Amino acid sequence: MLAANKQWANDIKEADPQYFIRAAQEQKPELLWVGCADSRVGPDQLIGLPMGSIFVHRNIGNIFATNDLNSLAVLEYAIDELQVPNVMVCGHYGCGGVHAALTHSGIQPVDLWLDQIRFIYQRHEPELARLNEQQRWDRLAELNVEAQVHNICRNTVVREAWKRGQEVNVIGLIYDIHDGRLKQLGLEFRSQAEWQARYGEGRQ
Ligand code: CO
């Protein structure tokens, strides 16, 4: 890995001698990526953006947990300091975290973390109970993306940014590990008004 790193750094310097001088000065990412820690879902490669384009937050099950200081600090820093115009929640089919939430529970740290997905299952149980096992797994991954988009849109940092007219586009997508494609879920909110048009005044 050290040899590969040396090669990579040399290749970059050869192609663009100023690259590391510019990179050391500042970052100006265009996207905050909230994704799963799964090794098969690396954001830089799958959307083809160069290093320096994406501010990344990843954890098991791509959860934006409203009681998690890490998630909250990442969102605050991305929006208030880096002024990223896009926040993308990316779930994925075949997610082990979603599967674990569906199939067992317990008191180990990973179980407690995934309780947040179990609660989403409970809220949508009538719809999910009608599906077969595979469909249920896929659908819960989609509903999980929607829930995390919801958590981000109702966050004070996003609300305040929208109020002062800052561009913040919150998007939910799902990645299909079977064909490498990103799928839209009809989740895209650029203002409080767009959010309320979808969910109504009552759902804050
Ligand atoms: Co996953």
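Right above here is the structure, for reference.
Residues numbered from 1 in each chain as written. Predicted model: local features only at pLDDT ≥ 70, side-chain atom pairs only at ≥ 80, totals over all residues. Heavy atoms only, no water.

Moving on, we get to helix H9 (residues 156-163). Each α-helix winds once per 3.6 residues, and so residues spaced three or four apart point in a common direction. Of the residues making up H9, those classed as buried are Val157, Val158, Arg159, Ala161 and Trp162. Each element contacted by the buried residues of H9 is listed here: helix H4 (69-81), helix H8 (133-153), strand E4 (169-176), strand E5 (181-189) and helix H10 (192-199). The N-capping residue of H9, defined by a side-chain oxygen 2.7 Å from the backbone nitrogen of Val157, is Asn155. Gly165 sits one or two positions beyond H9 and adopts a positive phi of about 85°. (Buried < 20%, exposed > 50% of the residue type's maximum accessible area, 1.4 Å probe, protein only. Helix = DSSP H or I, 4+ residues; strand = E, 2+ residues; numbered from the N terminus. Contact = heavy atoms within 4.5 Å. Polar contact = N/O pair within 3.5 Å; in protein donor to acceptor, adjacent residues only side chain to side chain.)

For H10, every residue scored as buried is listed here: Trp195, Gln196 and Tyr199. An end-on view of H10 places all buried positions within 95° of arc, on one side of the element. Those residues of H10 that are exposed and aimed more than 90 degrees away from the buried face are Ala193 and Ala197. Those residues of H10 that are buried lie in contact with H8, H9 and E5. (Arc of directions from axis to C-beta.)

Another point: the coordination of the cobalt ion. Only Cys36 (SG), His92 (NE2) and Cys95 (SG) from the protein coordinate the cobalt ion, and they sit 2.0 to 2.3 Å from it. Of note, the cobalt ion draws all its donor residues from one chain, in the sequence arrangement C-x55-H-x2-C. Here Cys36, found in strand E1 (residues 31-36), pairs with His92, found in strand E3 (residues 86-92); they are 56 residues apart in sequence, far enough to count as distant. Here Cys36 matches His92 in class, with each residue buried. (Donors = N, O, S within 2.8 Å, 3.2 Å for Na, K, Ca; no water.)

Moving on, we get to the side chain of Asn155. Tracing the chain through its elements places Asn155 in the loop between H8 and H9. Apart from the residues within four sequence positions on either side, Asn155 is in contact with Phe64, Leu72 and Leu75.

Moving on, we come to the pattern of salt bridges. Within this structure, the stated rule accounts for 10 salt bridges. The salt bridge involving Lys183 is made with Glu142; its shortest N-O contact spans 3.2 Å. Linking Lys183 in strand E5 with Glu142 in helix H8, this pair joins segments that are 41 residues apart in sequence. The exposure class assigned to Lys183 is partly exposed, which follows from its relative accessible area of 38%. The class of Glu142 is buried, set by a relative accessible area of 13%. A salt bridge links Arg198 to Glu146, with the shortest nitrogen-to-oxygen separation between them at 3.8 Å. (Salt bridge = Lys/Arg side-chain N within 4 Å of Asp/Glu carboxyl O.)

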